[in-house]
Amino acid sequence: MSQNRNTLINKFVGNLSNSIVHKILERAIQDEILSNRYTKEIRNSFEIAKIYREKINPINSTLPLKDIQEIKDKISKKVKMELRSRISLGYKNIDLSLVETEINDVLEELKVI
Amino acid sequence: MEIIAKISRGTKMDQIYIPKQRAGFQNGRYVIIKPIEDEIKKPKQEKPIFYNIKSIEPIKIKLISEIFSIIEHETEEQFVDNLLIVGSFLEKGFYFNDIDILIIINKTEIKIDSIKKRIQEETGITPHIIQIKIEDLIKGVSSDPLYENMLSKYIAKKRLILKYKRKINYKILDLHLLKSKSLIDNFEILSGKEKYYLIKNMLAIDLFIKKEKISNEILNKQIKEIFKIEAERIKENLIANKQEFIKKCRNFYNNISKQIQKGIKKENESK
């Protein structure tokens, strides 16, 4: 798969955003969901984001500051947009102030920062 | 081969006469002799319970019995209420990758590492085990479309009586649907089986909202109707018109997403 860097970054951002939204929503309705849901072992958004990260240079070190800022901004925008739409529907227990911490955690784990 | 014969008295040694015309028991072979009473006393092996299984290959039944006996051997009887085999292993043919096993536990969680290891070693099949309490299974099957699909067909150790009513919790469905977003965003990177699973997830949610029955057969039929492709082709990642297919997936996803959003709004208004 030969994709340009911008496409790869966008796919990376999309998957990480989805993964963070999923995590925060899961926390918001924790009492209502089953802890051991029957799922087949398919790759989730975070695992797919990992695949895209491995295609974005530099692979083994942190990304340039310009990229980091761009990625953080894009993820933050996407995640907050999704979560705000849920809040407007009546979701409770969604803490938007945690979004930045979540973003930093996953980016650190994927050697982006 | 078994022969029932009587021990008769001889002059120097006693003997057991068996017919000269027989299948098996060739001369010179060693055999075990034991009293017939021991055999009669042996507890009768319970027959597994088949739910919605029209036909299944005999070798699979043999494997399932073997798996049940491994689990029974590796666990303490009082902690396990029932064992269920679900999923693609029960489909016709031998296209399964693993075997889905549901262990219904009553109180404490059991250690499944040794069970997994033994099943893998003794049958050569990778087990996918989930242990669950009956109350959680009922909660799952009443609120989760994939649970309902899973239990649409099974082979159980004992009879399973599940009394439940479908409960639509739109927030849970919202969370489940989010998984299928990956299908639209990562079409190139996903395997055929992953695509099939994510499509099934969307379709099952749709049927669940419509209060319709869910089973693999129904979902595969829906795939053909809506996406104009055989489920097998998706599993094998042989999708001819990718752009058209992604478009259909996106439309379908957005459509269910809208229904879910409406549902959440209604749920909150009625509180």
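These figures come from a predicted structure and were not determined experimentally. (Residues numbered from 1 in each chain as written. Chains lettered and ligands numbered in written order. Predicted model: local features only at pLDDT ≥ 70, side-chain atom pairs only at ≥ 80, totals over all residues.)

1. Structural notes on the overall build of chain A
When you go through chain A residue by residue, the secondary structure sums to four helices and zero strands. Start at the N end of chain A and walk to the C end: the helices and strands fall as α-α-α-α. When the 113 residues of chain A are sorted by exposure, 24% land in the buried category. For chain A, the share of sequence-separated contacts (at least 6 apart) that also reach a separation of at least 24 residues comes to 84%. (Helix = DSSP H or I, 4+ residues; strand = E, 2+ residues; numbered from the N terminus. Buried ≥ 20, exposed ≤ 12 C-beta atoms within 10 Å, placed from the backbone. Contact = placed C-beta atoms within 7 Å.)

2. Considering the interface of chain B and chain A
The partner chain A presents 24 residues to the 27 residues of chain B that form the contact. With five residues, the single largest contributor to the side of chain B that touches chain A is helix H6 (residues 170–179) of chain B. Its residues assigned to classes, the side of chain B that touches chain A shows eleven nonpolar, six polar and ten charged. (Nonpolar A, V, L, I, M, F, W, Y, C, P; charged D, E, K, R; others polar.)

3. Overview of the environment of B:Ile56
Residues and elements named next belong to chain B. With respect to the helices, strands and loops of the structure, isoleucine 56 is situated in the loop between strand S3 (49–51) and helix H2 (58–74). A tally of 16 C-beta atoms within 10 Å means that isoleucine 56 is categorised as partly exposed. For the pair isoleucine 56 and glycine 93, spaced 37 residues apart in sequence, the C-alpha to C-alpha distance is 8.5 Å. Those residues in contact with isoleucine 56 that lie beyond four places of it in its chain are Ile61 and Leu90.

4. Points about the packing of H6(B) against helix H8 (residues 192–209) of chain B
Residue and element names in this part refer to chain B. The N-to-C vectors of H6 and H8 enclose an angle of 155 degrees; their axes lie 8 Å apart at closest approach. Viewed along their axes, H6 and H8 adopt a mutual orientation that is roughly antiparallel. Taken as a pair, H6 and H8 cross one another with a handedness that is left-handed. Along its contact with H6, which presents Leu173, His176, Leu177 and Lys179, the element H8 presents Leu198, Asn201, Met202 and Ile205. (Axes fitted to C-alpha atoms, helices over the stretch in contact; angles between N-to-C directions. Parallel < 35°, antiparallel > 145°, perpendicular 65-115°, else oblique. Left-handed = near helix turned anticlockwise from the far one by under 90°.)

5. Quick look at the environment of A:Ile68
Residues and elements named next belong to chain A. Within the fold, isoleucine 68 resides in helix H3 (residues 65–89). Residue classification places isoleucine 68 among the partly exposed positions, given that 14 C-beta atoms sit within 10 Å. Separated by 44 residues in the primary sequence, isoleucine 68 and valine 112 place their C-alpha atoms 6.9 Å from one another. When sequence neighbours within four positions are dropped, the list of residues in contact with isoleucine 68 reads Leu63, Val112 and Ile113.

6. A look at the domain arrangement of chain B
All names here are of chain B. What the domain assignment reports for chain B is domain 1 (49–156) and domain 2 (170–270). Contacts between domain 1 and domain 2 engage eight residues on the former and ten residues on the latter. The element best represented in the side of domain 1 that touches domain 2 is helix H5 (residues 145–150), accounting for four residues. Here the side of domain 1 that touches domain 2 is built from residues that sort into two nonpolar, three polar and three charged. (Domains from an automatic or database assignment.)

7. Focus: the sheet that holds strand S7 (residues 154–156) of chain B
Residues and elements named next belong to chain B. With mixed pairing, five strands are arranged side by side in an open sheet as S3-S7-S4-S5-S6. Each having just a single partner strand, S3 and strand S6 (126–133) make up the two edges of the open sheet. The mean angle between the axes of side-by-side strands here comes to 25 degrees, regardless of whether they run parallel or antiparallel. As defined by bridge partners, strand S4 (residues 80–86) adjoins S7 across two bridges and the pair is classed as antiparallel. Among the inter-strand pairings, leucine 84 is bridged to a residue of S7, identified as alanine 156. (Pairing = 2+ DSSP bridges.)

8. A word on the packing of H8(B) against helix H9 (residues 216–227) of chain B
Residue and element names in this part refer to chain B. The N-to-C vectors of H8 and H9 enclose an angle of 100 degrees; their axes lie 10 Å apart at closest approach. By the criterion of interaxial angle, the relationship of H8 to H9 is roughly perpendicular. The segment H8 lies against H9, with Ile199, Lys200, Leu203 and Ala204 engaging Leu219, Gln222 and Ile223.

9. Some remarks on the nonpolar core
Residue and element names in this part refer to chain B. Ile85, Val86, Ile199 and Met202 are the most contacted members of the largest nonpolar core, which totals 70 residues. The biggest single contributor to this core is H8, with nine residues. Of the residues that make up this core, three or more belong to each of domain 1 (49–156) and domain 2 (170–270). Filtering out sequence-adjacent residues up to four positions away, valine 86 remains in contact with Asp100, Leu102, Met150, Leu151 and Tyr154. (Core = buried A, V, L, I, M, F, W, Y, C linked by C-beta atoms within 7 Å.)

10. Quick look at unusual backbone geometry
Omega for the bond connecting A:Asn57 with A:Pro58 falls within 30 degrees of zero, at -5 degrees, which places this linkage in the cis form. The residue A:Pro58 is located in the loop between helix H2 (45–53) and H3 in this model. Of note, the phi angle at A:Asn93 is positive, near 60 degrees, even though the residue is not glycine. In this fold, A:Asn93 is placed in the loop between H3 and helix H4 (99–109). One non-glycine residue, B:Lys228, adopts positive backbone phi at about 55 degrees. Among the structural elements, B:Lys228 can be located in the loop between H9 and helix H10 (231–235). On the basis of neighbour count, B:Lys228 is assigned to the exposed category, with 11 C-beta atoms found within 10 Å.

11. What about the confidence of the model for chain B?
Averaged over every residue, the pLDDT of chain B is 91; residues scoring 70 or more account for 97%. Model confidence for the complex: the whole-complex pTM is 0.81, and ipTM, which rates the interface, is 0.88. (pLDDT = per-residue confidence, 0-100.)

12. So, the pairing of S6(B)
Walk down a regular strand and you will see the side chains alternate between the two sheet faces. Residues and elements named next belong to chain B. In this sheet, S6 lies alongside strand S5 (residues 98–105) in parallel orientation, the contact comprising eight bridges. Each bridged residue has a counterpart across the sheet, and for isoleucine 101 the counterpart in S6 is isoleucine 129. Read from S5 through helix H3 (residues 113–123) to S6, the crossover connection turns out right-handed. (Right-handed = clockwise from strand over helix to strand, strands pointing away.)

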